[in-house]
Amino acid sequence: MAMVLLVEDDEIVRQALIHELTDLGHAVHSVVRALDALREATDGHGYDMIVLDLGLPDLDGGEALKMLRAVTATPVIIATARDDEREIVRLLRSGADDYVVKPFSGDQLDARIQAVLRRVRANTPPDVLEVGGLRIDRDARRATLDGTQLRLTRLEFDLLAFLAAHAGRVVRRREVLAEVWRHAHGDDQTLDVHMSWLRRKLGETAARPRYLHTVRGVGVMLTAP
């Protein structure tokens, strides 16, 4: 079963999809406007999937997709009547995980939901992350360094866990802001302040990094010393 946010303004299509997806075992919540979808995506409801229609009354679906991608990593399947290869490629490059062309059945949409979720879950980092002497238990929200527990704030823990899940890769500042602060265009100074506090608790400084390495003009990378 998946928690699905359905963004569709056509009443007949919306009710039909709610009925079919519910019969297939999914929990479905629906909205008709892009701005409502953005609120739902950021309110912590824990959706597993967003099904986004392109022809919305308040905002073009392509723009809505970009805005969703700025605030959430929840997979998005585009529902479109535009059977245009260039448009579909553009949407996939803008962050869509898959698409269906109208008209489509609930069974077809269900199959695409299951396929996307399999890919996402296969790439989900483990609950316990270890990088050098760092050990981060995401379920227990507990982090230790060389066996000593770190006293971290909620945001410090989320920041450390996100960087550890991408250890060895330079993570762009925009990605960090989107995933930790849920805002891709947040205040860079806020990130810098939290990085400074986190470095202090890891026993390092920006001038003498051990785990947290800033790549100027790009982002941050967490690696083992």
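Above this text you will find the structure in question.
Residues numbered from 1 in each chain as written. Predicted model: local features only at pLDDT ≥ 70, side-chain atom pairs only at ≥ 80, totals over all residues. Heavy atoms only, no water.

Moving on, we come to the overall build of the chain. For the chain, the helix and strand inventory stands at 8 helices and 12 strands. Each principal axis of the C-alpha distribution contributes one length, and for the chain these read about 60 × 35 × 25 Å. Out of the 225 residues belonging to the chain, those deemed buried represent 40%. Taking the intrachain contacts of the chain between residues at least 6 apart in sequence as the baseline, contacts between residues at least 24 apart amount to 54%. Summing over all exposed atoms, the chain offers an accessible surface of approximately 11900 Å²; the carbon and sulfur share of this is 49%. Of the side chains in the chain, 31 bear a positive and 35 a negative charge, and the two mean positions are spaced by 9 Å. (Helix = DSSP H or I, 4+ residues; strand = E, 2+ residues; numbered from the N terminus. Buried < 20%, exposed > 50% of the residue type's maximum accessible area, 1.4 Å probe, protein only. Contact = heavy atoms within 4.5 Å. Areas by Shrake-Rupley, 256 points an atom, 1.4 Å probe, with all protein chains shown as cover. Lys, Arg positive; Asp, Glu negative; His and termini not counted. Charge placed at Lys NZ, Arg CZ, Asp CG, Glu CD.)

Going through the model one piece at a time under the given rule, you end up with 16 salt bridges. With its nearest N and O atoms 2.8 Å apart, the salt bridge here joins Asp-53 to Lys-102. With Asp-53 in strand β3 (residues 49-53) and Lys-102 in the loop between β5 (98-101) and α5 (106-122), this residue pair connects regions lying 49 residues apart in the sequence. The exposure class of Asp-53 is buried, given its relative accessible area of 4%. The salt bridge involving Arg-141 is made with Asp-158; its shortest N-O contact spans 2.9 Å. Separated by 17 residues along the polypeptide, Arg-141 in the loop between β7 (134-137) and β8 (142-145) and Asp-158 in helix α6 (residues 154-165) bring together distant segments of the chain. Look at Arg-141 and you get partly exposed, because its relative accessible area is 41%. Members of the salt-bridge network, linked through shared partners, are Glu-8, Asp-53 and Lys-102. (Salt bridge = Lys/Arg side-chain N within 4 Å of Asp/Glu carboxyl O.)

Running from N to C, α6 and helix α7 (residues 173-180) cross one another at 130°; their axes reach a closest spacing of 10 Å. Compared by their axis directions, α6 and α7 come out oblique. Along this stretch, α6 crosses α7, giving a crossing that reads as right-handed. Only Glu-175, Val-176, Glu-179 and Val-180 of α7 make contact with α6, whose side of the interface consists of Leu-155, Asp-158, Leu-159, Phe-162 and Leu-163. Of the residues contributing to the contact of α6 with α7, the split by class is 6 nonpolar, no polar and 3 charged. (Axes fitted to C-alpha atoms, helices over the stretch in contact; angles between N-to-C directions. Parallel < 35°, antiparallel > 145°, perpendicular 65-115°, else oblique. Left-handed = near helix turned anticlockwise from the far one by under 90°. Nonpolar A, V, L, I, M, F, W, Y, C, P; charged D, E, K, R; others polar.)

Note on placement: Glu-204 falls in the loop between α8 (188-201) and β11 (212-215). There is a polar contact of 3.2 Å between the side chain of Glu-204 and the backbone nitrogen of Arg-210. Among the polar contacts made by the side chain of Glu-204, one reaches the main-chain amide nitrogen of Tyr-211 at a distance of 2.7 Å. Not counting residues within four places of it along the chain, the set of residues in contact with Glu-204 comprises Arg-199, Pro-209, Arg-210, Tyr-211 and Leu-212. (Polar contact = N/O pair within 3.5 Å; in protein donor to acceptor, adjacent residues only side chain to side chain.)

The final tally for this structure, using the stated rule, is 0 aromatic pairs. Lying over the aromatic face of Tyr-99, Arg-112 brings its terminal NZ or CZ to 5.7 Å of the ring centre. (Phe/Tyr/Trp six-rings, centres within 6.5 Å; stacked < 30°, edge-to-face > 60°. Lys NZ or Arg CZ within 6 Å of the ring centre and 35° of its normal.)

To continue, consider the sheet that holds β7. Taken together, the 4 strands give an open sheet; going across it, the order is β6-β7-β8-β9, and neighbouring strands pair in antiparallel fashion. Each of the sheet's edge strands pairs with one partner strand only, and the pair in question is β6 (128-131) and β9 (148-149). The pairing of β7 with β8 spans 4 bridges and is antiparallel. Bridging across to β8, Leu-134 finds its partner in Leu-145. Across the sheet, α6 lies against β6, β7 and β8, angled at about 110° from β7, the strand it touches most. (Pairing = 2+ DSSP bridges.)

We now examine the nonpolar core. Ranked by size, the top nonpolar core spans 27 residues in total, and within it Leu-160, Leu-163 and Leu-202 carry the most contacts. Element by element, the count of residues in this core is highest for α6, at 8 residues. Among all residues touching Leu-163, those that are not within four sequence positions of it are Val-171, Val-176, Met-195, Leu-212, Val-220 and Leu-222. Counting 21 residues, the second-largest nonpolar core is a separate cluster that includes Ala-34, Ala-41, Tyr-47 and Ala-70. (Core = buried A, V, L, I, M, F, W, Y, C linked by side-chain atoms within 4.5 Å.)

By themselves, these are just geometric observations and shouldn't be taken as functional.
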